[in-house]
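So the chains spell out like this:
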Amino acid sequence: DLRNYILGKPIKANLEWSDFKHIENVENVKKILQKSFSNNEKGINILLYGEPGTGKTEFAKTLVNHIGGHLYSIGEDANSDLVTDDEHSRFRQLIRANTLLDKSKGSCILVDEADDILTDCHSSHYYYSRRDNEVTKIKVNRILETNAQPTIWISNNIHSMDKAYLRRFTYAINFT
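Caption draft 1: How the structure looks around helix α3 (residues 56–66). Of all 11 residues in α3, eight are buried, a share of seventy percent or more. Inspection of α3 places Lys-56, Glu-58, Phe-59, Ala-60, Lys-61, Thr-62, Leu-63 and Val-64 among the buried residues, and these make up the whole buried set. In this structure, the buried residues of α3 make contact with α2 (26–39), β1 (45–50), β2 (70–73), β3 (107–111), β4 (151–155) and β5 (171–175). Gly-68, located one to two residues past α3, shows a positive phi value of around 80 degrees.

Caption draft 2: Spotlight on the environment of Tyr-165. Note on placement: Tyr-165 falls in helix α8 (residues 163–166). Linking Tyr-165 and Glu-145, residues 20 residues apart in sequence, is a C-alpha distance of 9.7 Å.

Caption draft 3: Local environment of helix α7 (residues 137–146). Within α7, burial applies to Val-140, Asn-141, Ile-143 and Leu-144. Buried residues of α7, seen end-on, are gathered within an arc of 165 degrees and therefore sit on one face of the element.

Cut-off values and rules
- Residues numbered from 1 in each chain as written.
- Predicted model: local features only at pLDDT ≥ 70, side-chain atom pairs only at ≥ 80, totals over all residues.
- Heavy atoms only, no water.
- Buried < 20%, exposed > 50% of the residue type's maximum accessible area, 1.4 Å probe, protein only.
- Helix = DSSP H or I, 4+ residues; strand = E, 2+ residues; numbered from the N terminus.
- Contact = heavy atoms within 4.5 Å.
- Arc of directions from axis to C-beta.

Here it is in structure tokens:
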């Protein structure tokens, strides 16, 4: 009950797995996610990027539902008191979700519109801040390396992302 209150209920897919057969390498990402579920692997991150409206979010939902997992979205519940629009809050929600789901098998986290956390021009603004609650490059690197649950990150544009973030992704698919 506490998990559902804080994270919301797992999100469901609206499409079928066969709706994405045209995307290259979907079986690779499916196998990675299945293996991470069965082995409880840490630091698994999938990046889905590309133009808006190309099906990235629906693919993420369908993928996780197809393999029998539970997908929890960060920052989606507009009715929750725990959700705000700033990236610091979304990053804290990500940390909180990893903590709440730490021992939960078959759970996956979705960070849609991840640009606000992952873009270099945005995060570099915080390198010079002395406030401990700010999102810094080291904090983002650490969550990418050690997240307890596989995480699917969705972005429209990877060109402003720090290369250190990009190389920490387990797998990436460009949606065109």
